[in-house]
Amino acid sequence: MPRLTERPAWQALTAHARQLRGQHMLQFFAEDPARARDFAAEAAGLYLDFSKNPLTRETLRLLTTLAEDTHVPAQIGAMFAGSRTNITEQRAVLHVALRNRSGRPVMVDGRDVMPEVVAVLEQMRAFCDGVRSGAHSGFTGRAYTDVVNIGIGGSDLGPLMACRALAPFASQKLRSHFVSNVDGAHLAGTLAGLDPESTLFIISSKTFTTQETLTNARSAREWLLTHFQGGSPPEAVVARHFAAVSTNLGATTQFGVPPDRVFGFWDWVGGRYSLWSAIGLPIALGVGFERFEELLAGAHEMDEHFRTAPLPRNLPALLGLIGIWHGNFLGATTHAVLPYAQDLAWFPAYLQQLDMESNGKRVDRAGGVVDYATGPVIWGAPGTNGQHAFFQHLHQGTQATPCDFIVAANSEWPLPGQHEILLANCIAQTEALLRGKSTEAALAEAKAQGLNADTAARLAVHRTFPGNRPSNTIVFDHLDPRTLGALIALYEHKVFVQGAVWNVNSFDQWGVELGKQLATGVLQDLRQGRASDGHDPSTAALIDRIVKARRKDP
Ligand code: F6P
């Protein structure tokens, strides 16, 4: 099989990019009156406008050919069918089974996994109802008022992002907190405001071996037992104040979590794809199990669309292929995610893990080093805040950064007038990026403001916007559980499509291992008070410098 970059579809896109270079998107709109209508697609309550990207109908045709040529449709089918898509760990990739509402079986190694999925969902439902009704309570019989999720990476970012996104739907009686960082500031700062008698901890860890999570969990247990010391049996206290979510049931028992408070999941659920499993327990506790099911239903609707829609109308495929166009043919190296929704403040960070841990890969599935760019740097922040921070770079910097604007037409908060301002800013930014402002227009504007001819001419160039800057806009009616489910699934599948074209395994994360291994040695050095042999000179000097500084600290 020819290398990806040598395939006719890739070469055709390279030549096509050369032809389009220098053309302005406004020209595309002028030449193609149906562009705004046809370069938009809708599914599962999400409307995607991709017309403000430097591409034509021919580009879309060539990108679709590339996807077909790299067997994207077959790869989608294989994932849904339970194939061992994660080839380096020999695992199926079936987060879609966790939200399968179709009643169809999902087979792994000839066995339907749906009965187990449903059983854990029912266990979650019973636990959520018990906690929310007060039937489950702390050791002294007090109802829980605070849930602290202790986890990191996929065992933190998914539930954290979703809990914050669904804040308007959350119970006021049960606050959710998330502790991930092994920096004691995170746990100590969180516990400072909490009452041990009404606090429920959830230890979320797929492996139950993650250093940060287990360290925080042990400290939380100590904090709890310190409060209850003097007669209360520690096992009974822990049993009433801890729950766990993990695939490592032996380790959860060893920690002291009773089996009826342990929620299992499976090795075919990747950490960054796990919020649909019991890792989503904090979400279900926060918004109630029915709303958690709505989240699953929204994701399932997107799954069905992704599985069945033809590539040119398939939202995740479109987002993925447009990203490939930017990264592999137009030279973009980063991608900005700009939710115009304060409730989606954690969405860029969530997508960072989803995308960069999945497709930040330099070796293809056959083990060859790739000669093309794979996953871009994902970054972003909520609008309108970003406008007053980094948008300068988007409008007038030397690089054109592809952006995703994400916005709900309606607000869930009781200040409806403010939402129109938010919407206006979102839409105006996409327009400004597209249209820009010519030097002539800037000059005329400066003169109209009363500046003299010299000053106006000097400033006009600084006030010029090149425009022709790319963006997608994703619009939906409400940021509710169903829509959020669809939105997350949209990005999960976008990442899948890109990994499929790039022929990388999007479902392992070996890149996080080396640092973990080396940290063990560095920790030993810090504890013994000197750098051991074998470090490079810079690392050894840093260890010694820190040891010296810590000795001064009483
Ligand atoms: O170190 C990376 C990672 O393995 C992520 O992929 C994962 O989401 C996170 O750590 C947490 O792992 P666990 O859930 O096993 O504690």
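Higher on the page you've got the structure.
The present account deals with the structure reproduced in this document. (Residues numbered from 1 in each chain as written. Predicted model: local features only at pLDDT ≥ 70, side-chain atom pairs only at ≥ 80, totals over all residues. Heavy atoms only, no water.)

### Remarks on the site of the ligand
The immediate surroundings of the ligand are formed by 14 residues, with Ser155, Ser205, Lys206, Thr207 and Thr210 found nearest. With respect to the ligand, the backbone of Gly154 contributes an N or O atom lying 2.7 Å from an oxygen atom. A distance of 2.6 Å separates an oxygen atom of the ligand from a polar atom in the side chain of Ser205. If the ligand stood free it would expose 390 Å²; the protein chains cover 88% of that surface. Because more than half of its atoms lie within 2 Å of the grid, the ligand is assigned to the largest pocket. Residue classes in the shell around the ligand are distributed as 2 nonpolar, 9 polar and 3 charged. (Near = heavy atom within 4 Å. Polar contact = N/O pair within 3.5 Å; in protein donor to acceptor, adjacent residues only side chain to side chain. Areas by Shrake-Rupley, 256 points an atom, 1.4 Å probe, with all protein chains shown as cover. 1 Å grid on protein atoms, 1.4 Å probe; cavity = no way out; pocket = protein on both sides within 12 Å on 5 of 7 lines; lining within 4 Å. Sits in = over half its atoms within 2 Å of the grid points. Nonpolar A, V, L, I, M, F, W, Y, C, P; charged D, E, K, R; others polar.)

### Quick notes on the side chain of Asp32
You can see Asp32 is positioned in the loop between helix H2 (25-31) and helix H3 (35-38). Every residue in contact with Asp32, bar those within four places of it in the chain, is listed here: Phe39 and Arg57. (Helix = DSSP H or I, 4+ residues; strand = E, 2+ residues; numbered from the N terminus. Contact = heavy atoms within 4.5 Å.)

### Looking at the sheet that holds strand E5 (residues 146-150)
The sheet built from 5 strands is open, its strands ordered E6-E5-E7-E8-E9 with parallel pairing. The sheet is open, and its two edges are formed by strand E6 (175-179) and strand E9 (262-264), each paired on a single side. Within the sheet, the average angular offset between the axes of one strand and its neighbour, ignoring direction, is 20 degrees. The strands touched by helix H9 (residues 184-191) within the sheet are E5, E6 and strand E7 (199-204), with E6 carrying the most contacts at an inclination of about 160 degrees. Against the sheet, helix H11 (residues 234-241) contacts E7 and strand E8 (242-246), and its axis sits at roughly 60 degrees relative to E8. (Pairing = 2+ DSSP bridges. Axes fitted to C-alpha atoms, helices over the stretch in contact; angles between N-to-C directions.)

### Points about the packing of aromatic side chains
In the structure shown here, the tally under the stated rule is 21 aromatic pairs. Ring geometry for Phe347 versus Tyr491: centroids 5.6 Å apart, planes at 80 degrees, classification edge-to-face. Of this pair, Phe347 sits in helix H16 (residues 347-359) while Tyr491 sits in helix H21 (residues 481-502); the two residues are 144 residues apart in sequence, bridging distant segments of the chain. Comparing Phe347 with Tyr491, the two get one shared label, buried. Here a set of aromatic residues connected by ring pairs shows up, and it is made of Phe201, Phe208, Trp223, Phe242 and Phe255. Directly above the aromatic system of Phe29 lies the positively charged group of Arg35, at a separation of 5.0 Å from the ring centroid. Taking the ring centre of Trp276 as reference, the NZ or CZ of Arg99 above it sits at 4.5 Å. (Phe/Tyr/Trp six-rings, centres within 6.5 Å; stacked < 30°, edge-to-face > 60°. Buried < 20%, exposed > 50% of the residue type's maximum accessible area, 1.4 Å probe, protein only. Lys NZ or Arg CZ within 6 Å of the ring centre and 35° of its normal.)

### Some remarks on the layout of surface pockets
Empty space within the largest pocket amounts to approximately 890 Å³. When contributions to the lining of the largest pocket are tallied by element, the ones reaching two or more residues are helix H10 (211-228), H16 and helix H22 (513-528). Per-element tally for the lining of the largest pocket: the top contributor is H22, with 4 residues. Among the residues making up the lining of the largest pocket, the classes are represented as 11 nonpolar, 18 polar and 9 charged. Its boundaries defined by the atoms lining it, the second largest pocket holds a volume of some 550 Å³. (Points joined across faces, edges and corners; volume = space filled by probe spheres on them.)

### Observations concerning the packing of helix H14 (residues 289-308) against H21
Packing of H14 against H21 leaves a shortest axis separation of 7 Å and a crossing angle of 40 degrees. Here H14 lies oblique to H21, going by the angle between them. Crossing of H14 against H21: the hand is right-handed. On H21, the residues that touch Arg291, Glu294, Leu295, Ala297, Gly298, Ala299, Glu301, Met302, Asp303 and Phe306 of H14 are Pro481, Arg482, Leu484, Gly485, Ala486, Ala489, Leu490, His493, Phe496 and Val497. (Parallel < 35°, antiparallel > 145°, perpendicular 65-115°, else oblique. Left-handed = near helix turned anticlockwise from the far one by under 90°.)

### Regarding the pattern of salt bridges
Scanning the entire structure with this criterion turns up 28 salt bridges. Across the pair Asp38 and Arg37 runs a salt bridge whose closest N-O atoms are separated by 2.8 Å. With a relative accessible area of 23%, Asp38 lands in the partly exposed category. (Salt bridge = Lys/Arg side-chain N within 4 Å of Asp/Glu carboxyl O.)

### Quick look at the nonpolar core
Across soluble globular proteins, nonpolar side chains show a tendency to be buried alongside one another. In this structure, Met124, Trp268, Phe347, Ile474, Leu484, Leu487 and Tyr491 are the most contacted members of the largest nonpolar core, which totals 121 residues. Of the residues forming this core, the biggest block, 13 residues, is contributed by H21. If we skip the residues at most four places from it in the chain, Met124 touches Phe263, Ser277, Ala278, Gly280, Leu281, Ala284, Phe289 and Phe292. Ranked by size, the runner-up nonpolar core spans 22 residues in total, among them Leu191, Leu194, Ala244 and Val262. (Core = buried A, V, L, I, M, F, W, Y, C linked by side-chain atoms within 4.5 Å.)

### Considerations on unusual backbone geometry
With an omega dihedral of 10 degrees, the bond running from Gly383 to Thr384 counts as a cis peptide bond. With respect to the element layout, Thr384 can be found in the loop between strand E11 (377-379) and helix H17 (391-396). Here His71, not a glycine, exhibits a phi torsion of approximately 60 degrees, which is positive. By secondary structure assignment, the location of His71 is in the loop between helix H4 (57-69) and helix H5 (72-80). His71 gets classed as partly exposed once you look at its relative accessible area, which sits at 46%. At Phe208, a position not held by glycine, the phi torsion is positive, near 55 degrees.

### Topic: the pairing of E5
Counted residue by residue, E5 has 5 buried out of 5 residues, so it is predominantly covered. Burial of E5 is two-sided: the residues Asp146, Val148 and Ile150 facing one way and the residues Val147 and Asn149 facing the other way are all buried. Read as a crossover between parallel neighbours, the route from E5 over helix H8 (residues 157-165) to E6 is right-handed. (Right-handed = clockwise from strand over helix to strand, strands pointing away.)

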